[in-house]
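# Coordinate inspection notes
Residue-level listing of the chains:
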Amino acid sequence: MLACKTCGAAVDLTMSACPSCGAGVPLARIAALIGIACRICDAYNDPGAEACVACGEPLGLAPPTGEAGMAASAPPPPAAQGPKPPPIDEPAPQPPAADEVPVLHPVRKAPGAAPAARLMVERGDAPAGTVFRLEGEIVPAGRAQGPIHFPRDTSLEPHHATFLLRDGAVVLHDEQAPGGVYVRLRGTAAVLRPGSQFAVGDRLLRFAGPLPPPPPPPADGTRSLGAPRPEGRAVLVEECLEGGATGRVYLRVGPSITIGRAGCSITLGEDPYLSQAHAEILVEADGSAKLHDLGSSNGTFVRLPPASDRELRDGDGLRLGRQVLRVEVAGP
Amino acid sequence: MPPLSPCPRCGHPNELASASCKICEQPLRAPTAFARRCGMCGAPVEGSQPFCGRCGQPVAPASPRALLKGMPRGAPEPAVAQGLDRPFRLVPMRHDGMAGAPHALGPEGLVCGRTQGEVLVPDDAGVSPRHALFSSRAEAVVVEDLGSLNGTFVRLRAPRALASGDEIRLGRQRLRIEPHPKPAAAGARPWGSVDPGYRVRIVQILEDGGTGESFPLRAGENAVGREAGAVCFPLDRYVSARHARLDVSDTTVWVTDLGSSNGTFVRITEPTTLGAGDQVFIGMQLLRIDR
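None of these values were measured; they are calculated from a predicted model.

The rules behind each value
- Residues numbered from 1 in each chain as written.
- Chains lettered and ligands numbered in written order.
- Predicted model: local features only at pLDDT ≥ 70, side-chain atom pairs only at ≥ 80, totals over all residues.
- Heavy atoms only, no water.
- Helix = DSSP H or I, 4+ residues; strand = E, 2+ residues; numbered from the N terminus.
- Contact = heavy atoms within 4.5 Å.
- Phe/Tyr/Trp six-rings, centres within 6.5 Å; stacked < 30°, edge-to-face > 60°.
- Buried < 20%, exposed > 50% of the residue type's maximum accessible area, 1.4 Å probe, protein only.
- Pairing = 2+ DSSP bridges.
- pLDDT = per-residue confidence, 0-100.
- Buried area = accessible area lost by both parts, 1.4 Å probe.
- Salt bridge = Lys/Arg side-chain N within 4 Å of Asp/Glu carboxyl O.
- Polar contact = N/O pair within 3.5 Å; in protein donor to acceptor, adjacent residues only side chain to side chain.

Quick look at the side chain of E178 of chain B now. As for its position among the elements, E178 of chain B is in strand β14 (residues 173-179). Excluding residues that lie within four positions of it along the chain, E178 of chain B makes contacts with S164, V200, R201 and V203 of chain B.

Here we take up the packing of aromatic side chains. Residues and elements named next belong to chain A. Here the structure, examined in full by the defined rule, presents 4 aromatic pairs over all chains. Centre to centre, the rings of F132 and F150 are 5.4 Å apart; their planes meet at 70 degrees, and the pair counts as edge-to-face. Here F132, found in strand β6 (residues 131-134), pairs with F150, found in the loop between β8 (148-149) and β9 (161-166); they are 18 residues apart in sequence, far enough to count as distant. For F132, a relative accessible area of 15% corresponds to the buried category.

Next up on the list: the pairing of strand β15 (residues 234-240) of chain A. Residues and elements named next belong to chain A. Among the 7 residues of β15, 7 are classified as buried, and the element is accordingly described as predominantly covered. The alternating pattern of β15 places A234, L236, E238 and C240 on one face and V235, V237 and E239 on the opposite face, and all of these are buried. Of the strand pairs in this sheet, strand β14 (residues 203-210) and β15 are connected by 6 bridges, and their pairing is antiparallel. Among the inter-strand pairings, R206 is bridged to a residue of β15, identified as E238. Where β15 and strand β16 (residues 246-253) come together, 6 bridges link them in antiparallel fashion. Bridging across to β16, V235 finds its partner in R252. Here β15 folds back onto β16, and the loop between the two strands holds 5 residues, one of which, G243, carries a positive phi near 95 degrees.

Put simply, chain A has an average pLDDT of 78, and 75% of its residues get 70 or more. This model gives residues 61-110 of chain A a pLDDT under 50, and the stretch forms 65 contacts once residues within four places in sequence are excluded.

Turning our attention to the sheet that holds strand β7 (residues 138-142) of chain A. Residue and element names in this part refer to chain A. Taken together, the 5 strands give an open sheet; going across it, the order is β8-β7-β9-β10-β22, and neighbouring strands pair in mixed fashion. Since the sheet does not close on itself, it has two edges, and those belong to β8 and β22 (309-312), each with one partner. Here β7 runs beside β8; their pairing, made up of 2 bridges, is parallel. Following the sheet pairing, A141 is matched in β8 by I148.

Attention now goes to the interface of chain B and chain A. Taken together, the contact between chain B and chain A spans 39 residues of the former and 44 residues of the latter. Both sides together, the interface formed by chain B and chain A hides about 3,600 Å², and carbon and sulfur atoms give 57% of it. For the interface between chain B and chain A, the tally reads 4 salt bridges. Here E213 of chain B and R252 of chain A are joined by a salt bridge, their closest N and O atoms 2.8 Å apart. For the pair chain B and chain A, the interface holds 24 residue pairs in polar contact (both at pLDDT 80 or more).

Quick look at the structure:
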């Protein structure tokens, strides 16, 4: 945490001026150039944004001063122009744990109030912009059942996932379908464990973990020949094909492994929904790995653990099979 | 394509400008071209050049007598015919590319190994104690793997069909051909990347065992090389930019070397007949069949 140079009060990067004495915070200049991460939900906001595009919370505490005027001259992000949903009353925002995706907000205390929520098709079998309203407390989704069904998507189970609307929140429940449910990364990094799957563009990848150590050598002292083993934090990343087979397997050395359409460590080639540099895997010295989105146009989607629940916020992206959806949640 | 002339010893098509055969190192120029030698340093002087190419000393023009002396007596025999009565030899190639001391091959054969046999490679841990058996039979050499850990590989001189389980070596890579895994066809097919019709996959074997990368291949032509292609090793400097080609059909994979510098080698699975100029790779030791 930074301290104000004038009065010593605690300030942070999202403040353009000290809340106690009004002196300017120098690093706000950096925030004005590289953007601001929301303190409430960790979503990334473009430079000059005054309210978070994801949760609507104001980003700075002090009114814009001379230094923030530079930020105000930057074009405001398009998302900030439309009518924002009123800020949801959030009693105690918890910062996410350092190495975990923030899975759930604290459950809001608004008993009985079902939020007005709907799903909008971004791409898939239905035309883009098709809207499914989430009505009722339990809304199943899949190939064959319920108000949200995609009969032509054979990659979906008949009952693939369930939306639960309770206590003013929308919760997505994974029904352990083999294809799984994917949620778009927003601002934060996702921890990758061996077997973690994630989608970039229309490609599905699996982080297979660190390269396993070699088997013990044979007794006669002969050394098994092959390509040299890479030194350092070598990990395996596999492409998962439709139906579950493994395609290309990449052996790459960290700490940074970029994934994208061209010029990346893992170059996946032409895909209209893949950005040139789309996502990045950061491998730590102990072999643990995190996945970041590199500001891609269409997002990076991480698979939910089987049978887990995940609260959805307004603007969250989802992938069920070939269907890419966006969640819209209005306040109660 | 530059004009090619076949090597008189092994038949490999070499470029006309080559001084020696790319495969067996047989000198390709006519002996008259080197009839003169520099009086100062002894280097051969080509044609009617007035100066030595090595030391710059002026060289006297060749006298007709000297030309006669340099030429073989009588009608020049073809080199292949010259070699027919000679025994085959097994020549270990040193790492600087020069030939080592040759071993004469007879019908009783020579065993090559790290600790046992007639042709010893003591410093190469990739060679098994008893690795391969070379024997000379009726105008050919037969090489047989003696159950070695890393196998015996023969340099590719013509396109060859490979089956699942076969191995090839190129540069520092050792690759195995495997069938592409077919998913279970029951129930919903989980979503994933589109399968463009992969038939086989090429698996990279790492040193000390284990596998690394894997390259699924579609039917048709697949390039192998350092710069581009379906099977690409950008960090392996011993792989040529365009090294080999894999033509995949339903059941077989044809491998063709595209004139690579260091060659493409195929692991033998049964006793294999070789001729003069063939090269055998065991461990990191290259051996050449000569006569």
